[in-house]
Amino acid sequence: MENKGPSTLFLVTINDEFPKIIKEGEGDDKLPHKDIFATIAYLSSRNLSNIHYINFPLIFKENKKTSNSLIRKIRDDRRKDLFHKIMLRMIEEHDYYLFYIPLWNENLQSSIQIAKEVKKRYPSSKNIFFGPCCSLFPDQIICEKSIDFVITAEPEEAIEGIITKKNMPEIPNICYQNENGIVLNDEKGFADDDRI
């Protein structure tokens with residue numbers, strides 16, 4: 001059953017050195033998408049949004065013949081641009097784009113580039129960044145004009161607040177810009193929730 005609410009696309013972009021995995025800390029070569037699937041399950045259980053998901057590293061790695069062929073045909077300095085063009089062709093119009101940033105050097109720059117292009121194409125859409133990296137440096141990430149919100153912790157409730165257009169000061173775990181500058185709302189976990 002399709003929801004009549006806003007359309008939400010969860011995105012994992014490739015890193016700049018794809019297909020090489022950039023190592024940073026422990027567990028970085030795993031698929032660290034627990035936050036994505038927990039958030040999708042949370043939003044689905046509340047029937048808040050039409051949810052879509054694209055994992056570009058998985059798409060390109062699963063089809064090694066295609067990605068290896070692309071890599072061989074182009075020089076290294078043009079590889080990033082080609083992969084960005086391919087990713088952009090696969091991204092359709094949605095109300096919200098949720099970029100998962102597992103690690104600072106993993107896919108942040110690639111995600112920022114894609115977010116800029118998405119904002120140009122669909123100016124009324126909202127770009128949201130979340131993931132472990134975002135909890136450490138939200139004020140640095142939100143400075144990018146193409147990014148509307150940075151989720152600093154437990155994304156489920158924050159994204160629900162954004163999608164349901166709750167008053168910004170009432171949404172926990174977000175960083176955003178307003179006329180007064182950068183705003184960082186207090187962090188709150190499910191254990192702090194009165195409903196539990």
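Being a predicted model, the structure only gives us computed values, none of them experimental.

Novice: Could you give me a rundown of the overall build of the protein, with the residues and numbers involved?
Specialist: Counting secondary structure elements, the protein contains eight helices and seven strands. The buried share of the protein, reckoned over its 196 residues, is 48%. Taking the contacts inside the protein whose residues are at least 6 apart along the sequence as the reference set, 66% of them involve residues at least 24 apart. As displayed, the protein has an accessible area near 10900 Å², and 49% of this comes from carbon and sulfur atoms.

Novice: Just give me the short version of helix H5 (residues 104-121), but keep the residues and values in it.
Specialist: Between its terminal C-alpha atoms H5 stretches 26 Å, which fits the 26 Å expected from 18 residues at 1.5 Å a residue. For H5, the complete set of buried residues consists of Glu106, Asn107, Leu108, Ser110, Ser111, Ile112, Ile114, Ala115, Val118 and Lys119.

Novice: How would you summarise the packing of helix H1 (residues 34-45) against helix H8 (residues 155-163) if you had to cite specific residues and measurements?
Specialist: A packed helix pair is summarised by two numbers, namely the angle formed by the two axes and the spacing between the axes. Put simply, H1 and H8 touch, their axes get as near as 9 Å, and they point 50° apart. By the criterion of interaxial angle, the relationship of H1 to H8 is oblique. Crossing geometry of H1 relative to H8 is assigned as right-handed. Contacts from Asp35, Ala38, Thr39, Tyr42 and Leu43 of H1 reach H8 at Pro155, Glu156, Glu157, Ile159, Glu160 and Ile163. Grouping the constituent residues of the contact of H1 with H8 by class yields six nonpolar, one polar and four charged.

Novice: Can you lay out the pattern of salt bridges for me, pointing to particular residues and giving the numbers?
Specialist: In total, this model carries three salt bridges according to the counting rule given. The partner of Lys116 in a salt bridge is Glu144, with the nearest N and O atoms 3.9 Å apart. Of this pair, Lys116 sits in helix H5 while Glu144 is found in the loop between helix H7 (138-141) and strand S5 (149-151), placing the two residues 28 residues apart along the sequence. Given a relative accessible area of 26%, Glu144 falls into the partly exposed group. When the shortest N-O distance is used, the salt bridge between Lys120 and Glu117 registers 3.4 Å. Residue Lys120 and its partner Glu117 are located together in helix H5, separated by three residues, close to a single helical turn. Classification of Glu117 by relative accessible area gives partly exposed; the value is 29%.

Reading guide: rules and limits
- Residues numbered from 1 in each chain as written.
- Predicted model: local features only at pLDDT ≥ 70, side-chain atom pairs only at ≥ 80, totals over all residues.
- Heavy atoms only, no water.
- Helix = DSSP H or I, 4+ residues; strand = E, 2+ residues; numbered from the N terminus.
- Buried < 20%, exposed > 50% of the residue type's maximum accessible area, 1.4 Å probe, protein only.
- Contact = heavy atoms within 4.5 Å.
- Areas by Shrake-Rupley, 256 points an atom, 1.4 Å probe, with all protein chains shown as cover.
- Expected span 1.5 Å × (residues − 1).
- Axes fitted to C-alpha atoms, helices over the stretch in contact; angles between N-to-C directions.
- Parallel < 35°, antiparallel > 145°, perpendicular 65-115°, else oblique.
- Left-handed = near helix turned anticlockwise from the far one by under 90°.
- Nonpolar A, V, L, I, M, F, W, Y, C, P; charged D, E, K, R; others polar.
- Salt bridge = Lys/Arg side-chain N within 4 Å of Asp/Glu carboxyl O.

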